[in-house]
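Survey of secondary and tertiary structure
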Amino acid sequence: MPLLGGIRPPIAVLCVLVLALAGLTAKVLGPTEEAVAPKAVLTSQQYFAEDGAIALRASIDERVADLERTAAALNAGRPVKPGRVLSDLGRTYQKWTGTTIVDLENGDVLAARGETVPLAWLDKEALVGERALTPRMVRLETGDVRLMSMAVLDWPGRPQQLLLASSSLSVPAVSLGPFRSMAVVAEGGEILATAGFERAEALNSDQERQELSFLHRQMRGLAGEAAIRTEQHPVQAREPGSRGYPGVSGTLIGGGYNGRVATAGYASLASSDPEEKRSVAAGLGLTVVALLPVVDQRGEEPDRRLFGLAASGALVVLGLAAAAVLWSTVQRPLLRLFLESRRLARGDLHRPVTVPRRGEARRIGLALERVRRRLNGEGDGPGDHGATGDGGKGRGGDDGNLGALRSGRVRIGTRGPLVATGVLLLLWCVPVGLLLNRTDGSVSVPTTMVNDQRERTDLIADRLRRALNEAQADLASTARLIGAGDSASTGRLLDDALVRHTRYQALYLVAADGSVTARAGGEPHAWSGGRDRAPVRVSGQGGKEPVIQASASVPEHDGGTLVGEIRVEFLNSLLARPGLGEVRVVDSAGLTLAASDGFLAFEKLDGEALAGLVRAAGFRVGAGPVENGLLIREGDRVTVAAAAPFSGGGVTADIGWTVVSRQDAAGFQITPYEREDRGVLAGMLGLAAALLCLGWIHLVVVRPLRALATSAEKLADGDVRTVLYPRYQDEVGAVVRSLELLRQQAQAHRHDQARRPSDAPSAAGAGGR
């Protein structure tokens, strides 16, 4: 028989798969490799570093873009004195530590504000060539590093002037929690700025000072390692199949002290869309490192070796029992039929056929016996039907067998052993996949996950607040460029501003009487002015989406206001971050204004727990409201939620918005959920192996065997005209070939019997003469 056909290969494959799955089960359901902390905690540090890198990149890019846009707007208008340029720049944007205007013709300083900007680094390479006017990092005499941004002021008939602005490369001003620290690292591993160590420096005990020294050493060592890793190409550094952050990011594990181990996440500054959008910050070679000491959890997991061995042993026992059922009820009878049919086809008709006990094999065996008796001249044998026309006489004791063949119990045939085999395998797959290692609402979630959810939500809230403040500042900068001239020039200015600022869907100039005198973009919505009205407001209740409007007064127009409508999609894009789940922005009434996924305008939050969390976050504690985190247990479901109200400076500090996030703890890579997932995976693999092998047997053996049984019974009933064609090169095909030879012999035997009566009279006449 061919090696890849017949009944043997699927049974052998089933045995191999069962043994392989048993080994895998012993590994995945047994003791796991001891880890310093759950994967979820390490991944959360990576996400935290990515959030910090995104915030720092956006801050640097905005500074550079604002300076370039301001210079371009100034160049398009009338010449302005250097002092007024810096004064207006400082009033509009409070983001630079120092600004200076230098005459490029003679190198004189024309005006300066804030921190003194060093000029020793300024050379020809910074002003001409491919890297002309490219921002660069410069070290001050104090040792601090500043980012220098440049733009050229060029008015007709006047010498060109260089506008310089210095800004610090500080850690984004976000809440780090009580134990986390963060650093901005240069390419060589040099730490440019840190945050999170200041609170610890106020401690007095020797143990606390030793721990602070330990954290400083860990930050220096991990920062250097992170700088080396971020030098890789993002595609090469990323694990196969992983996606998400466009730059290089990952996790590191440092040393231990006093039962705690330093864990860190790192992320290089990268453009949000490297193929379409250029990022100045991405080319500076900076890396953000977030350090958090966690409790060492090695040795806390009980020994589960016996559990894995017991599960794998049960699978081996049930798998071997299933293979034994298939061997005894399918393979062995089929091979016996193959041997008996081949013996008959070779002419050995004297020995009776050994008939199997049940199913299609018994039907075929009985048919072979009837054919053998007819070919051997023994007449109609037991169980013969329709061949002699005697009305069923002579069947003797096999009438009960024939009746059994016609009964529903036997008609199940070979499918019965397949069902029994499937049941045996399901006895293992179902408990392992659905019953073992199941979690409920009492599962223990690391406190770090709740803290990180709270701090990252606060980071998103700060990023959103800064984006809205930036939008209003851009409107104020554009409003100063609007003159008292005609509406055509104002319209061109608004069109150009709409192209530069993709956050707006419409820009329009509203006069004191409420009429729109110039516009760009979409259809304007109603706007009502007034000194007591907030510069950023929400309207559009009852519509398909909220209308978020930012405004700035126009100095050249008495009572005029420049209004910009912010796209909701822009806000949604700021909320979408991995590892935070569903993120929403709600107003003071708890109505949804934006979300990371789909939402209905002004819909309420689901559940009283989230609404209560938003109300709790709105209470003022100390200087203002603070973020809150919560672990919600509802039945078997565990949810981590956090709420962070807008706080800080800017025009949106008192807007009353809150960022709310929640995610199902079942998605965390912690031990209880990982065990549950592994159990489900093992059960699914066992089910897949059973379906594969049993389906294979059904298609290759059972269906052809049922068709063969029907053909054999027809042949035994006297149908010698129907030719039997073997379709498979296996045991069933071999039996079909033997039946075809028997059919040919039976056809020849019938022809011989038909000629004998015609030859008898001629022989008698010859004897009489």
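Before reading on, note that the structure itself is shown above.
Before going into details, it helps to say that this report is about the structure given with it.

**Quick word on the nonpolar core**
In a soluble, globular protein the nonpolar side chains are often hidden away together inside. Leu-326, Ile-364, Leu-368, Trp-428, Ile-697, Leu-708 and Leu-739 are the most contacted members of the largest nonpolar core, which has 55 residues in total. Those elements giving two or more residues to this core turn out to be helix H1 (8-28), helix H7 (305-345), helix H8 (359-375), helix H11 (415-435), helix H16 (671-716) and helix H17 (731-768). Sort the elements by how many residues they give to this core and H16 lands first, with 14 residues. When sequence neighbours within four positions are dropped, the list of residues in contact with Trp-428 reads Leu-21, Thr-25, Ala-311, Ala-314, Leu-315, Leu-318, Ala-682 and Gly-683. In this structure, Ala-467, Ala-520, Phe-570 and Ala-594 belong to the second largest nonpolar core, which totals 42 residues.

**Looking at the packing of aromatic side chains**
Here the structure, examined in full by the defined rule, presents two aromatic pairs. Taken together, a centroid distance of 5.4 Å and an interplanar angle of 25° make the contact between Phe-214 and Tyr-257 stacked. Of this pair, Phe-214 sits in helix H5 (residues 206-229) while Tyr-257 sits in strand E8 (residues 249-257), and the two are 43 residues apart along the sequence. Directly above the ring of Trp-527 sits Arg-537, whose terminal nitrogen or CZ lies 3.6 Å from the centroid.

**Quick word on the sheet that holds strand E9 (residues 260-268)**
Here five strands make up an open sheet; going across it, the order is E7-E6-E10-E9-E8 and the pairing antiparallel. The open sheet has two edge strands, strand E7 (191-195) and E8, and neither has a second partner. Within this sheet the neighbouring strands show an average axis-to-axis angle of 20°, counted without direction. Pairing analysis gives four bridges linking strand E6 (residues 181-185) to E7, with the strands arranged antiparallel. Bridge assignment links Val-185 to a residue of E7, and that residue is Ile-191. Against the sheet, helix H2 (residues 39-76) contacts E6, E8, E9 and strand E10 (287-295), and its axis sits at roughly 40° relative to E9.

**Some points on the sheet that holds strand E21 (residues 637-645)**
Read across the open sheet, the five strands follow the order E17-E16-E22-E21-E20; overall the sheet is antiparallel. The open sheet is flanked by strand E17 (592-595) and strand E20 (628-634), the only strands paired with a single partner. Here the average twist between neighbouring strands, direction ignored, is 25°. Where E20 and E21 come together, seven bridges link them in antiparallel fashion. Its bridge partner lying in E21, Leu-631 is registered against Val-640.

Rules used in this analysis
Residues numbered from 1 in each chain as written. Predicted model: local features only at pLDDT ≥ 70, side-chain atom pairs only at ≥ 80, totals over all residues. Heavy atoms only, no water. Core = buried A, V, L, I, M, F, W, Y, C linked by side-chain atoms within 4.5 Å. Buried < 20%, exposed > 50% of the residue type's maximum accessible area, 1.4 Å probe, protein only. Helix = DSSP H or I, 4+ residues; strand = E, 2+ residues; numbered from the N terminus. Contact = heavy atoms within 4.5 Å. Phe/Tyr/Trp six-rings, centres within 6.5 Å; stacked < 30°, edge-to-face > 60°. Lys NZ or Arg CZ within 6 Å of the ring centre and 35° of its normal. Pairing = 2+ DSSP bridges. Axes fitted to C-alpha atoms, helices over the stretch in contact; angles between N-to-C directions.

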